[in-house]
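Overview (structure and organization)
Chain residues, written in single-letter form:
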Amino acid sequence: MKNYLKSAFNSVFLFAFFALLFTGYSYIGGENSSSVIIDKHRTCGTVEFNELQMQQYPEFRKNRERIEEYTKNYTHSEGRLLITIPVVVHVVYNTAQQNISDAQILSQIAVLNQDFARMNADTNQTPAVWKPIGANTQIQFCLAQRDPNGNPTTGITRTSTSVTSFNGSSDQRIFFTAQGGHDIWDRDKYLNIYTCNLGGGLLGYAQFPGGNPQTDGTVNLFSAFGTVGVINPPYDKGRTVTHEVGHWFNLFHIWGDEPDCNQDDLVADTPLQGPENVGCPTFPQVDACQPVGPGVMFMNYMDYSNDACMNLFTLGQSVRMNAAISVSRASLLLSNGCVPIGITPISTEIPAEYSLEQNYPNPFNPVTNIRFDVAKSSNVILKIYDAAGNEIAVLVNETLNAGTYNYDFNAANYPSGVYFYVLTAGEFTSTKKMVLIK
């Protein structure tokens, strides 16, 4: 059993963070420059940001203690259904280059869905010893279809700003329209992801659960976002956002933010590790905490390795993230942000005429099976819709006798993304999300 953190935010912890943060990179640019960082290794400002938030928002520290106590006792339900998180991407730009394209944003959402479902193409790079604990977290993401006022949206906001560079995680202007950023959408209904020219030598940072609702999101450098467009290697595979969203779901850095063996990340199946890993190590990578193979898990999304060398969350990390969803992020389960205007919100009550089971597999590629049981003869309609609310298929529209029915939806000719199936019987309607990942 690994040692657990005595305190996630103590003075030694911060000293180690600053030592790591300001070592090993060069930076071009600043408040009066639109240039981007040239990193020797990954840099994340999450620890600094959350310590400052605790100073400014006293409830945060108490909330963190309660969340950690809950997480320690959380029992994961293996039968839990897929959860889809509504995302709004706030693009805050000072130059045309920083105003990244829709295509770049969509590529990042695709990476999140692949990484969190363990459907990323590079799972074959996970060492054999750790493949059994690579996790499909059952967490997926969609660009919001409804804004906080219930109006249609693309899930993307664009804000031109006079701020040439948001100076690291201590610069909170990004969260406020009046200060050159963009006001956060209700964090109880959306995951707010910001992209901007981020200074301080950082690629990104995020707020842990339990903090100020006005600053509850992730902030990311525009050139380390997605897989197409304005991207700079070695941060060109979308893993910076995967890393920061992991923090947003209550994951710590895998080495526990101490460069020795006294701290860890509160996850039992990630090896105890000394300092962070950088670049692209060769397996097995050993250190003072893991002096023999298989060594440290440098390919974990919560380390500092290059994008191309990251490829897994573990089962333990998945449990920790799902604990966050079941308590501090639980309100997202009631959000209809992913449901397009015109589609009936998801029902939680099943009528006597039939019982409904979630489609399987979900996520899927390219076929998923939708199964439901009819208790007595009734007219049943089963339709498929895309994320824009367009009807794309009718799988059944007839009177069905009592029995069990299975219908396949083959999406071979459709693009990756969120889809819905709508099952109706009389006046009852049930809507479920499906995620296609190719």
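Above this note sits the structure.
Residues numbered from 1 in each chain as written. Predicted model: local features only at pLDDT ≥ 70, side-chain atom pairs only at ≥ 80, totals over all residues. Heavy atoms only, no water.

A look at the overall build of the protein chain
The helix and strand tally for the protein chain stands at six helices and 15 strands. Within the protein chain, contacts between residues at least 6 apart in sequence are counted, and of these 72% link residues at least 24 apart. For the protein chain, the accessible area works out to roughly 17,100 Å², and carbon and sulfur atoms hold 52% of it. (Helix = DSSP H or I, 4+ residues; strand = E, 2+ residues; numbered from the N terminus. Contact = heavy atoms within 4.5 Å. Areas by Shrake-Rupley, 256 points an atom, 1.4 Å probe, with all protein chains shown as cover.)

Observations concerning the environment of Q290
Looking at the secondary structure, you find Q290 in the loop between α5 (239–248) and α6 (315–326). Distance from Q290 to G274, taken between C-alpha atoms, is 8.2 Å for residues 16 residues apart in sequence. The residues touching Q290, leaving out its near neighbours within four places in the chain, are P271, L272, G295 and V296.

Describing the packing of helix α2 (residues 46–56) against helix α3 (residues 59–73)
Viewed as axis vectors pointing N to C, α2 and α3 meet at an angle of 115 degrees, and their least axial separation amounts to 6 Å. Of the residues in α3, those touching α2 at N50, E51, Q53 and M54 are F60, R61 and R64. Broken down by class, the residue content of the contact of α2 with α3 amounts to two nonpolar, two polar and three charged. (Axes fitted to C-alpha atoms, helices over the stretch in contact; angles between N-to-C directions. Nonpolar A, V, L, I, M, F, W, Y, C, P; charged D, E, K, R; others polar.)

Here we look at α2
Counting buried positions over the eleven residues of α2 gives eight, a clear majority of the element. Every buried residue belonging to α2 is among T46, V47, E48, F49, N50, E51, Q53 and M54, and all of these are buried. (Buried < 20%, exposed > 50% of the residue type's maximum accessible area, 1.4 Å probe, protein only.)

Some words on the side chain of D303
Along the chain, D303 turns up in the loop between α5 and α6. Notably, D303 is buried but unbridged: the nearest opposite-charge side chain belongs to R42, and the N-O separation is 7.8 Å. For D303, the residues in contact, after removing those within four places along its chain, are R42, H243, I254, W255, Q273, E276, N277, M297, F298 and M310. (Lys, Arg positive; Asp, Glu negative; His and termini not counted. Salt bridge = Lys/Arg side-chain N within 4 Å of Asp/Glu carboxyl O.)

Observations concerning α5
With respect to burial, α5 is a largely interior element, ten of its ten residues being buried. Restricting attention to buried positions, one finds in α5 the residues R239, T240, V241, T242, H243, E244, V245, G246, H247 and W248. Once α5 ends, the next one or two residues include N250, with phi positive near 85 degrees.

A few points about the pairing of strand β11 (residues 378–386)
Pairing of β11 with strand β12 (residues 391–400) involves eight bridges; the strand directions are antiparallel. Residue pairing in the sheet places I381 in a bridge with N397 of β12. Counted between consecutive antiparallel strands, the loop separating β11 from β12 contains four residues, among which G389 sits at a positive phi close to 90 degrees. Bridge analysis of β11 against strand β14 (residues 417–425) gives seven bridges, and the strand direction is antiparallel. Within β14, the position partnered with L382 by the bridge is L423. (Pairing = 2+ DSSP bridges.)

Examining the state of the cysteines
Summed over the entire model, instances satisfying the criterion amount to three disulfides. Shown here is the disulfide that connects C142 with C338, its sulfur atoms set 2.0 Å apart. With the S-S dihedral at roughly -115 degrees, the linkage between C142 and C338 falls on the left-handed side. With C142 in strand β4 (residues 139–143) and C338 in the loop between α6 and β9 (354–356), the pair connects residues that are 196 residues apart, well separated along the chain. Taken as a pair, C142 and C338 share a single burial class, namely buried. There is a disulfide in this structure between C261 and C289, and the S-S distance comes to 1.9 Å. On the sign convention where negative is left-handed, the bridge of C261 and C289, at about -105 degrees about the S-S bond, is left-handed. Of this pair, C261 sits in the loop between α5 and α6 while C289 sits in the loop between α5 and α6, placing them 28 residues apart in sequence. (Disulfide = S-S within 2.5 Å.)

A short note on the nonpolar core
Among the nonpolar cores identified, the biggest contains 60 residues, and F116, F141, I174, I193, V245 and F249 are the most heavily contacted of them. For this core, the secondary-structure elements that each account for two or more residues are β3 (83–93), α4 (102–117), β4, β6 (191–196), β7 (204–206), β8 (217–221), α5 and α6. Examining the composition of this core, we find that seven residues originate from one element, β3, more than from any other. Ignoring sequence-local partners within four residues, the contact set of I193 consists of V87, V88, V89, H90, L112, T218, N220, F225, V241 and V245. (Core = buried A, V, L, I, M, F, W, Y, C linked by side-chain atoms within 4.5 Å.)

What about the packing of aromatic side chains?
In this structure the tally under the stated criterion is 20 aromatic pairs. With centroids separated by 4.9 Å and ring planes inclined at 75 degrees, the aromatic side chains of F116 and F141 adopt a geometry described as edge-to-face. Taken together, the positions of F116 in helix α4 and F141 in strand β4 put the pair 25 residues apart, joining distant regions of the chain. A residue is classified by how much of its surface remains accessible, and F116, at 0% relative accessible area, is buried. Note on F141: relative accessible area 0%, which makes it buried. Taken together, the aromatic side chains of F116, F141, W248, F249, Y301 and F313 make up a single cluster linked through ring pairs. Over the face of the ring belonging to W248 we find R329, whose NZ or CZ atom lies 3.7 Å from the ring centre. (Phe/Tyr/Trp six-rings, centres within 6.5 Å; stacked < 30°, edge-to-face > 60°. Lys NZ or Arg CZ within 6 Å of the ring centre and 35° of its normal.)

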